[in-house]
Amino acid sequence: MPTHLTTLSINGQQSSAYKSTADLGIVRELYSPDASPAGAYIHIPFCFHKCHYCDFYSLVENRGREAAFVARLVDELRIIGGYLKQPLRTIFFGGGTPTLLETSLWQDLLRAINQHLPIAQNAEITVEANPETVRPDLMDLLAKGGINRISIGAQSFQPDHLKALERWHDPENVKRAIVLAQESGITNINIDLIFAIPGQTLNDWLTDLDTAISLSPSHLSCYGLTYEPNTPLTEKLRQGRIIRVDEDLEAEMYEATRKKLTEAGYEQYEISNWAKPHYQCQHNLMYWNNKNWWAFGPSASGHINGLRWKNVPHLGEYLKATDLPSIIDVEKLDEDGQVGEALMLGLRLTQGIKLIDLDALLLKGKQGKERLCVIDQHTQSGLLEKTADRIRFTAKGQLLADSVLSDLI
Amino acid sequence: MKATMHSFPYFRTQPSRLTAYSSGLKTPLHIRNFSIIAHIDHGKSTLADRLLQMTEAVSERDAKEQLLDSMDLERERGITIKASAVTVTHEYKGETYQLNFIDTPGHVDFTYEVSRALTACEGALLVVDATQGVEAQTVANAYLAINNDLELIPVINKIDLPTARPEDVAMEIEQVLGLSTDDCIYCSAKTGEGIMEMLDCICEKLPPPRKSEVKETRALIFDSHYDDYRGVVVYIRIFDGSLTVGDKVRMMGTGRTFTITELGRYTPTQTKSKTLGHAEVGYMVAAIKSLEDVRVGDTITLDTNPANEALPGYEEPMQVVFCEFYPATQTEDSGKKGDYETLRDAINKLHLNDASFTYEPIHSEALGFGFRCGFLGLLHMEIVQERLEREGGVEIVQTAPTVSYQIELRDGTLVEIHNPADLPDLSNVVSIREPIVKLEIICPTENIGDLMKLCDGRRGTYKSQQFISQTRQILDYELPLAEIIYDFYDKLKSITRGYGTMDYEITGYRADRLVKVNILVNNQPVEALSIICHRDIAEKRSRLILQKLRKQIARHQFEIPLQAAIGGKIIARETIKGVRKNVTAKCYGGDISRKRKLLEKQKRGKKRMKTVGSVNIPQEAFLAVLEQE
């Protein structure tokens, strides 16, 4: 660990003392192999409509600022790129709606990443796409620019349920988007689906899964609808205008998902993620394996060796910066906190954590014994299980992951 | 309208036009001591104001609306909480009369205080609203006055209103109270119409004070209040002898002695006087620190020459309704003054002003530190809570009210408990007795059937029924107090669409088939959830409680049985299913900190809840159980 980091005594406290990543000193350390990021997350904060369940940072009606944003992002890529010596193995363009950007702006962006970032030979480079905004010229451009994975936010194939989420796309366009991506040569395709939408039945959900499977994507993310604070959806729930899907039904939907996708040849590798063999999302795995990555764009979160931060979630602020963007939520956990995070992340993977890694984690910090006790308890109650060389959630335990993890962190 | 507590508008010590009158009054024959009694909102306060104005005690310009109601709270609720006394003069047939007007609280919970105030009078104005007619409290207060041998003048007020029906109301008064329609005064406190006639009638019809019975001094305390500067101000009516500044006096009930530092009257500005003579009404200040040293109904006598016998009728205040107050938030920060301390200070301070409620510190495992308080009745409880919040600046969680029970033990002793949790071992208990009330309802005839159904469903015993007029009746019932303290009044109001009124009086304690119901969560009894109720409704109430608990307690990883039991017998059961799903789907685009914080929040939530048999019971669950339906 770089020596200057140990002098930070932040210990989970939010601090406003750091104006930008430049002040953390971390940038200068990116040369060193053990601080070097394995990937990059790039946030594109534009949407043409705000979905009612979404609490990611995004703006609508900002056509005028997109060019300025891309110019600033290109700057940021150039500056950080100058410090990166190890090749990146994953890059992920998330949003917002990255495919909303003009084709010409994408041209600038793709040129910048190829020019400024060191990218590994077989790197996975993903762009999140809204089915409505996928267009042939853009797909061709992305493919030529090195994008090899598309993640499509389908959420549901039933107009009623899309309406409940305030998502406005024609379900038919999902198929069209996949075909367009495939025609341009991008074959690694993910479909995002949401279950437990108000009004959805088990059969509705199984039909959605069948539709998704029939499009044969290489990867499927299935998320139970989460009611995030300060979203219109949660407000509607509070006002009683929508009814939350019953907990038992949601659990049944999840169990049915595991069964159906396994039968269809998808392997579950994380609580909400399934993939055809060899198509696991490398970027996602990087998060769960607690690797280092760099964050670009407003509101993007980065992580280097236990130090976490977030770029200021404000486009105006982001555009004002002349060097690196302002940051907030800087956090460097103590050893116990770091062990807790590693367990929280690693156990979400279906294969769990290697026993030798677990032992090493439990030796660190002061709470090793208590954590071991919690693990034994949950193993006994059938939520965790030990294989020859790993500890992992049981099928039942996956549904109760937060109950276990909140005891462990 | 912004008046601090007890800053009576007539406390200003400006020179009064009337300061000279006390020496001008020659003979006690011209003293008239009287009260105004009325149902809430029948215009008593407005009438009092008008009366002061017409006797020129207050100029129109100075007249504050409802002069005698002093506290903010009283004004807002439109009721009078504390009695006070005002002295005015009135010329009648060429003679000067000293009229001592003694104000009374208008609510059932203060029946004792009302009766003491009435004892200080020889007569009373019975005010009835010309649009509303006779109501439950009109009747209750009228009988109180009649029992005190007071001469009553029926006054029909608000005759200026278009919906007034004064003749009908006069008939009601004659029908119910036997006061002749010929004796009624018709007036409007608002316009002033009939007020002069009323004043003349007071002088003419109300009897003069009775003569002294003993040589020694005896003065009745009929009210008191706490003044930040002078200590307790005591309102008195002198029955025998006189009091002079400098006298050493003794309270015959409490035995405490004090030296008088000030005497006087409110005219309505405060007017000091060296002495108060026979039959007079006024105030006394004697460096009394605490209201607890002054009991309404007690007799003041001279320490050097005490009376043998006190004036009759003194009683200790009786608390019959109990509930617990907790601070709405419990500050964990040990450095700062906690919310519990703020509540304690507020209660101490309020108790200086109202010694008729009791309080003792308690600790509930569910709700933390707080106080169990006893009150004269339901309204008294509400008033205390509001005053604590308003004047003490604390936010309060109030548990549902319960009544006091008398427990008869095998060894013949009788213990009183205020909390089901305090019930002694049942093998030692012969019987559980509960307070019984005499309830009087006045309602439209068409609602009689529904109201009888309501009372019968509350273990009521029918007593009598009487017509007031063709359209309204009085219904008398006897019921356990426990049956009316929750929602009875609301039900009454909804059945009668607001037209029904009620009044009650505690008549004693009676044994019934009362049982203690224990609530078991995951097979463990939870004392804070136990209740005392009648055997016949135990199942129904238990089911309601369990259903509420089921909603309030989150699903756990295991199934949780909820049971209600009388002794070893389970009488109701519910089950909380095991949790099926608790997992965050998303990874928040790499915002790991956020995910971790969500889990930490869950972890803290687990810690904060009270754990019973490894079940986490949130605070809300304890409160929900205490609420009714």
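Residues numbered from 1 in each chain as written. Chains lettered and ligands numbered in written order. Predicted model: local features only at pLDDT ≥ 70, side-chain atom pairs only at ≥ 80, totals over all residues. Heavy atoms only, no water.

A. Helix α9 (residues 202–214) of chain A, seen in detail. Residue and element names in this part refer to chain A. Compared with the 18 Å implied by 1.5 Å per residue over 13 residues, the 18 Å span of α9 between its first and last C-alpha is a close match. All of the buried residues along α9 are D204, W205, D208, L209 and A212. The arc enclosing the buried residues of α9, seen along the axis, measures out at 140 degrees, which places them on a common side. For α9, the exposed residues set more than 90 degrees away from the buried face come down to N203 and S214. Looking at the packing, one finds that the buried side of α9 touches α7 (159–164), β5 (188–195), β6 (219–224) and α11 (247–263). (Helix = DSSP H or I, 4+ residues; strand = E, 2+ residues; numbered from the N terminus. Expected span 1.5 Å × (residues − 1). Buried < 20%, exposed > 50% of the residue type's maximum accessible area, 1.4 Å probe, protein only. Arc of directions from axis to C-beta. Contact = heavy atoms within 4.5 Å.)

B. Looking closely at the pairing of strand β10 (residues 301–304) of chain A. All names here are of chain A. Covered by surrounding structure in β10 are S301 and H303 together with G302 and I304, the residues of both alternating faces. Across 4 bridges, β10 lies against strand β11 (residues 307–311) in antiparallel orientation. Residue I304 lies in a different strand from β11, and its bridge partner there is L307. Between β10 and β11, which pair antiparallel in sequence order, lie 2 residues; one of them, N305, sits at a positive phi of approximately 45 degrees. (Pairing = 2+ DSSP bridges.)

C. View of the pairing of strand β26 (residues 472–480) of chain B. All names here are of chain B. Burial analysis of β26 places 9 of its 9 residues in the buried class, which makes it a mostly covered element. Burial of the side chains of β26 extends over both faces: R472, I474, D476, E478 and P480 are buried on one face and Q473, L475, Y477 and L479 on the other. Alignment of strand β24 (residues 429–444) against β26, held across 9 bridges, turns out to be antiparallel. Each residue of the ladder has a partner; that of K438, found in β26, is E478.

D. Up close: unusual backbone geometry. Each neighbour pair has its own omega, and for G95 of chain A with G96 of chain A the value is 20 degrees, a cis peptide bond. Here G96 of chain A lies in the loop between β2 (88–95) and α5 (103–116). A positive phi is found at Q155 of chain A, a non-glycine position, where the angle reads about 65 degrees. A relative accessible area of 6% means that Q155 of chain A is categorised as buried. With a phi angle near 70 degrees, N523 of chain B is a residue other than glycine that sits in the positive phi range. Within the secondary structure layout, N523 of chain B lies in the loop between β28 (514–521) and β29 (524–525).

E. Structural detail: a negative patch on the surface. Residue and element names in this part refer to chain B. Among the surface-exposed residues, E151, E174, D182 and D183 lie close enough to one another that they form a single negatively charged patch. Among the secondary structure elements, D182 is positioned in the loop between α6 (166–177) and β6 (185–186). Residue classification places D182 among the exposed positions, given a relative accessible area of 69%. (Patch = residues over 30% accessible without salt bridge, like charges linked within 9 Å, V, L, I, M, F, W, Y side chains within 5 Å. Areas by Shrake-Rupley, 256 points an atom, 1.4 Å probe, with all protein chains shown as cover. Salt bridge = Lys/Arg side-chain N within 4 Å of Asp/Glu carboxyl O. Lys, Arg positive; Asp, Glu negative; His and termini not counted. Charge placed at Lys NZ, Arg CZ, Asp CG, Glu CD.)

F. Main features of the packing of aromatic side chains. One pass over the structure, following the stated rule, counts 21 aromatic pairs over all chains. In this arrangement the basic side chain of R237 of chain B is found over the ring face of F239 of chain B, its NZ or CZ atom lying 4.2 Å from the centre. (Phe/Tyr/Trp six-rings, centres within 6.5 Å; stacked < 30°, edge-to-face > 60°. Lys NZ or Arg CZ within 6 Å of the ring centre and 35° of its normal.)

G. Main features of the sheet that holds strand β5 (residues 151–157) of chain B. Residue and element names in this part refer to chain B. Strand order in the open sheet formed by 6 strands is β2-β3-β1-β4-β5-β6, with mixed pairing between adjacent strands. With one partner strand each, in any of the chains shown, β2 (85–92) and β6 form the two edges of the open sheet. With 8 bridges connecting them, β2 and strand β3 (residues 95–102) associate as antiparallel partners. Among the inter-strand pairings, H90 is bridged to a residue of β3, identified as Y97. Here α6 sits on the sheet in contact with β4 (123–129), β5 and β6, set at roughly 155 degrees to β5. On top of the sheet, helix α7 (residues 195–205) reaches β1 (31–38), β2, β3, β4, β5 and β6; it is set at about 90 degrees to β2, its chief contact. (Axes fitted to C-alpha atoms, helices over the stretch in contact; angles between N-to-C directions.)

H. The sheet that holds strand β12 (residues 262–266) of chain B, seen in detail. Residues and elements named next belong to chain B. An order of β11-β10-β16-β7-β8-β15-β12-β13 is seen for the 8 strands of this open sheet, with the pairing classed as antiparallel. Each edge of the open sheet carries a strand with a single partner, namely β11 (257–259) and β13 (270–273). Along the sheet, successive strands turn relative to each other by an average axial angle of 40 degrees, direction set aside. The pairing of strand β8 (residues 231–240) with strand β15 (residues 281–285) spans 5 bridges and is antiparallel. Bridge pairing links V233 to V285 in β15.

I. Examining the packing of helix α10 (residues 448–457) of chain B against helix α11 (residues 488–495) of chain B more closely. Residue and element names in this part refer to chain B. For the pair α10 and α11, interaxial distance at closest approach is 10 Å and the crossing angle is 165 degrees. By the angle between their axes, α10 is roughly antiparallel relative to α11. Seen from above, α10 lies across α11 with right-handed handedness. The residues of α11 that touch α10, namely those facing D450, L451, L454 and C455, are F488, K491, L492 and I495. Its residues placed into classes, the contact of α10 with α11 shows 6 nonpolar, no polar and 2 charged. (Parallel < 35°, antiparallel > 145°, perpendicular 65-115°, else oblique. Left-handed = near helix turned anticlockwise from the far one by under 90°. Nonpolar A, V, L, I, M, F, W, Y, C, P; charged D, E, K, R; others polar.)

J. Looking closely at empty space enclosed by the protein. Residue and element names in this part refer to chain A. Applying the stated criterion across every chain yields a total of 5 cavities of 30 Å³ or more. The calculated volume of the largest cavity comes to roughly 860 Å³. In terms of lining residues, the largest cavity is bounded by 44 residues, among which F56, G95, E128, Q155 and D192 are the most central. Ranked by residues supplied to the lining of the largest cavity, first place goes to strand β4 (residues 149–155) with 5 residues. Each residue belonging to the lining of the largest cavity can be placed in one class, and the counts come to 19 nonpolar, 19 polar and 6 charged. (1 Å grid on protein atoms, 1.4 Å probe; cavity = no way out; pocket = protein on both sides within 12 Å on 5 of 7 lines; lining within 4 Å. Points joined across faces, edges and corners; volume = space filled by probe spheres on them.)

K. Summary view of the interface of chain B and chain A. Facing 27 residues of chain B, the contacting portion of chain A comprises 40 residues. Across the chain B to chain A interface the summed buried area is about 3400 Å²; carbon plus sulfur atoms make up 51%. In terms of surface lost to chain A, no three residues of chain B exceed R580, I592 and R596 of chain B, which account for 20% of the buried area on that side. There are 12 salt bridges connecting chain B and chain A. The shortest N-O distance in the salt bridge between R555 of chain B and D248 of chain A comes to 2.7 Å. (Buried area = accessible area lost by both parts, 1.4 Å probe.)

L. Main features of the pattern of salt bridges. Residues and elements named next belong to chain B. Enumeration over the complete set of coordinates arrives at 55 salt bridges over all chains. Note that E122 is salt-bridged to R237, the shortest N-O span being 2.7 Å. With E122 in the loop between α4 (111–119) and β4 and R237 in strand β8, this residue pair connects regions lying 115 residues apart in the sequence. D240 is paired through a salt bridge with R210; the nearest N and O atoms lie 3.5 Å apart. Taken together, the positions of D240 in strand β8 and R210 in the loop between α7 and β7 (218–227) put the pair 30 residues apart, joining distant regions of the chain.

M. Region of interest: the confidence of the model for chain B. Residue and element names in this part refer to chain B. In this model, chain B carries a mean pLDDT of 82, and residues with pLDDT of at least 70 account for 86%. Contacts for the low-pLDDT stretch residues 59–63, under 50 throughout, to residues beyond four places or in other chains number 4 contacts. Counting contacts from residues 73–83, a segment whose pLDDT is below 50, to residues more than four positions away or on other chains yields 48 contacts. For this predicted complex, the interface score ipTM comes out at 0.88, alongside a pTM of 0.59. (pLDDT = per-residue confidence, 0-100.)

N. Fine view of the environment of V179 of chain A. Within the fold, V179 of chain A resides in helix α8 (residues 172–183). It is 9.8 Å that separates the C-alpha atoms of V179 of chain A and P136 of chain A, two residues lying 43 residues apart in sequence.

O. The packing of helix α16 (residues 368–380) of chain A against helix α18 (residues 401–408) of chain A, seen in detail. All names here are of chain A. Put simply, α16 and α18 touch, their axes get as near as 9 Å, and they point 160 degrees apart. Compared by their axis directions, α16 and α18 come out roughly antiparallel. Crossing handedness for the pair α16 and α18: right-handed. When α16 is examined against α18, the residues R371, V374, I375 and H378 are found in contact with a partner set consisting of S403, V404, D407 and L408. Split into classes, the residues belonging to the contact of α16 with α18 amount to 4 nonpolar, 2 polar and 2 charged.

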